[in-house]
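Structural features, examined
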Amino acid sequence: MTLSGLSFAYLRDRALNTGLNILLLALGVATLVILLLFSAQLEGRFEKDSEGIDMVVGAKGSPLQLILSSIYHVDVPTGNIPLGALTMLRQQPTVANVIPLALGDSFRSFRIVGTEPGYAALYNAKIADGRMFAKPFEAVIGSEVAARTGATIGQRFVGSHGMGSDEKAHQHEETPFIVSGLLAPTGTVIDRLILTPVESVWDVHGIEHDEQERDEASEHSHKHEAAGRDAAVQGKLEPEVTALLVRFASPLAAVQLPNFINRQTELQAAVPAVEVSRLLALVGIGIDAVRAFAVLLMLTAGLSIFVALLTALRQREGDMAMLRVIGASRAGIVGQIIGEGLILAAAGALFGVVLGHAVIGAAAASFEELRQMGLSALHFEPAEAWIVVAALAIGAFAALIPAIRVFNADIAETLAEAR
Amino acid sequence: MLVPTNDATTRVALIEARQIVHRRDGRIVLALADWRLNAGEHALVLGPSGSGKTTFINIVTGLLTPTEGQMDVAGEPMSHLPPAARDDLRKRTIGLVFQTLRLIPALTVSDNIALAQHIATGASDPAAVAAIIARVGLSHRADAKPRALSQGEGQRAAIARALITRPRLVVADEPTSALDDANAAAMVDLLFETAESTGATLLVATHDGRIAHRFSNRLILETSALQAAA
């Protein structure tokens, strides 16, 4: 039996009090951990998913909605835009790359994205099995989609109209897809998508188009615009896309292009960096409020530990004096008391971290939106170490005043009072 | 000044008090002429409440520095040592038994004794702990918490804790004041027996006249003597 063993024995001896103090501190730590994991993973995911995308062009509406629906695939699109926009942008010398997205259908809540192979390249997604789609109705499946649906190469599936998990949604039975490839995990939004040529989306929705229409769009845009007008006159649906992901070739484009598109065309240009910052600032107000509450919880826990130790030490003054008499040094006794505070704080911090991760895991398992955000209980943030350090500091500080009292106590007097 | 009842001998002195005077708030609370207790002897410090027994015990154990005079313990000037050295001398030399026992309620009998051993020696020797518990007849209560012990069992546990470090001096402060006659006699028997078995010198401070006849070596403190000294 040692002095540190004595700390544990004292804590065990008043188990209910110990448990409540640990729980109080754990709740504060867990709240901070949840906020940290949520905001860090949200920001990380936002950053990672929008890497290499300088601008998104789509239908007029909310720019944030355009970004959320086109990059993060968590909101409904603002509408569709003419295929001619793709041509127009590809002709811009300040534009390095444009990737079209055609949205509208899903398979078991996973979005089917009509696009080009360049979209997979944007996220450095490699083919793990099979090959990239080469013709309409071939589909390449993201790793999470494959894991959750059990999709394999050559398997056929039918898309549902809409983006959600509505079981009553119209099934495109007559136009099944066939899985041509499976993507390796990337840790980005593409893991949760099903990629197919844009033409598949057009065909599913009965939109007539020439086989080479999109490929030749840039070379023959004038011809197609004219053809489009003719088709409209005849009541046919025009080939459209939902959004265009644009990468600039020059920094000058960042200044000129969004303004040009927003003012001069029927299109809308949104810059991910701007919209994400705006979103995080909005979310941040709520996060800050909860964070302040969590800090208050931790301080309350510290106060509770302080009161518990002070009360316990008043009852134990005789014990402490006796320990000094049998040879324990002042430093040893002070260490024992601070150790008791630290044990409480460490237990609270550890429990809080575990609880925080468990809540994140439970939330991700329960809410589709959070899972789609890529929220994971197994992700650890370095800043969690600082929360633990803060909790330990609170525990040590709470024990400090009782420890100083014991340090300064007159043993003979204490024993005389305790006799 | 008080006149001690024992005679100085040529044997080795374990406690040697030289002209001790202690004042509290300007009032003399202990006044003692030269007095010594030789190694291996048993002595009783007897006196009513307020006669300075506890002050004397505190000076012997180095918990208090006398206002005047010198207290030597085991050949070292306990009263003149710096605090850390006093703590060390006490740790190495003295085992204390308190009136209220002061067993730590959160620890078992065994752990109370093991903690004292670890604090004093920096090491753990479970066999020695078990042996001392057996010697005081508490093997069957080794895992019991103090609150579950009878008064007699608690006293045995307290004595075992004082003896675990094999101290050269065992000091017991009012060990029988709360006990009935039979238990008081048993307590003194136990102190004598365990002190003798370890070769320890025994110093008992009490106002309990019932046990005075058990000690041939007595230091009698009286309040009237304090008034005279003042």
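Here is what the cut-offs are and how they apply
Residues numbered from 1 in each chain as written. Chains lettered and ligands numbered in written order. Predicted model: local features only at pLDDT ≥ 70, side-chain atom pairs only at ≥ 80, totals over all residues. Core = buried A, V, L, I, M, F, W, Y, C linked by C-beta atoms within 7 Å. Buried ≥ 20, exposed ≤ 12 C-beta atoms within 10 Å, placed from the backbone. Helix = DSSP H or I, 4+ residues; strand = E, 2+ residues; numbered from the N terminus. Contact = placed C-beta atoms within 7 Å. Expected span 1.5 Å × (residues − 1). Bend = angle between axes of the 7 residues up to and from the residue. Arc of directions from axis to C-beta. Axes fitted to C-alpha atoms, helices over the stretch in contact; angles between N-to-C directions. Parallel < 35°, antiparallel > 145°, perpendicular 65-115°, else oblique. Left-handed = near helix turned anticlockwise from the far one by under 90°. Nonpolar A, V, L, I, M, F, W, Y, C, P; charged D, E, K, R; others polar.

Section: the nonpolar core
Core analysis: the largest hydrophobic core is formed by 125 residues, its most contacted members being A:Leu25, A:Val29, B:Val45, B:Ala160, B:Val170 and B:Leu203. Sorting elements by how many residues they give to this core places helix α10 (residues 272–325) of chain A first, with 14 residues. Other than its neighbours up to four places away in sequence, B:Val45 contacts B:Lys53, B:Phe56, B:Leu203, B:Val204, B:Ala205, B:Leu219 and B:Leu221.

Structural notes on the interface of chain B and chain A
Taken residue by residue, the interface counts 24 residues in chain B and 20 residues in chain A. Looking at the side of chain B that touches chain A, the elements that each hand over two or more residues are α1 (53–60), α2 (83–93) and α3 (109–121) of chain B. For the side of chain B that touches chain A, the leading source of residues is α3(B), giving seven residues.

Structural notes on the environment of A:His357
Residue and element names in this part refer to chain A. Within the secondary structure, histidine 357 sits in helix α11 (residues 330–366). Residue histidine 357 is classed as buried on the basis of its 20 C-beta neighbours within 10 Å. Along the primary structure histidine 357 and isoleucine 34 are separated by 323 residues, whereas in three dimensions their C-alpha atoms are 6.9 Å apart. What histidine 357 contacts, discounting residues up to four positions off in sequence, is Val33 and Ala377.

Overview of helix α9 (residues 251–264) of chain A
All names here are of chain A. With 14 residues, α9 extends 20 Å between its outermost C-alpha atoms, agreeing within 8% with the 20 Å of an ideal straight helix rising 1.5 Å per residue. Bending of α9 peaks at approximately 25 degrees at the position of leucine 257, with proline proline 258 no more than four residues after it. The complete set of buried residues in α9 reads Ala253, Leu257, Pro258 and Ile261. Against the buried residues of α9 lie β1 (55–59), β3 (95–107), β12 (243–248) and β13 (267–270).

Structural notes on helix α4 (residues 126–135) of chain B
Residues and elements named next belong to chain B. Three or more residues of α4 are buried, namely Val129, Ile132 and Ile133. Take α4 and look down its axis: the buried residues cluster within an arc of 100 degrees, on one side only. Structurally, α4 contributes buried residues whose contacts are with α3 and α5 (151–163). A positive phi of about 75 degrees marks glycine 137, the residue just after α4.

Some remarks on the packing of helix α1 (residues 3–13) of chain A against α11(A)
Residues and elements named next belong to chain A. In the contact formed by α1 and α11, the axes pass within 9 Å of each other and the chain directions differ by 50 degrees. Judged on the interaxial angle alone, α11 and α1 are oblique. Helix-helix and strand crossings are classified by hand; for α1 and α11 the assignment is right-handed. Judged by residue contacts, Leu3, Ser4, Leu6, Ser7, Phe8, Tyr10 and Leu11 of α1 engage Gly332, Gly335, Gln336, Gly339, Glu340, Ile343 and Leu344 from α11. The class makeup of the residues in the contact of α1 with α11 is seven nonpolar, six polar and one charged.

Observations concerning the packing of helix α2 (residues 15–49) of chain A against helix α13 (residues 383–408) of chain A
Residue and element names in this part refer to chain A. Between α2 and α13, the shortest axis-to-axis distance is 10 Å and the interhelical angle comes to 160 degrees. The angle between the axes of α2 and α13 places the two elements in the roughly antiparallel class. Once α2 is placed against α13, the crossing between them reads as right-handed. Packed against α2, whose contacting residues are Leu25, Val29, Leu32, Val33 and Leu36, the element α13 presents Ala383, Glu384, Ile387 and Ala391 at the interface.

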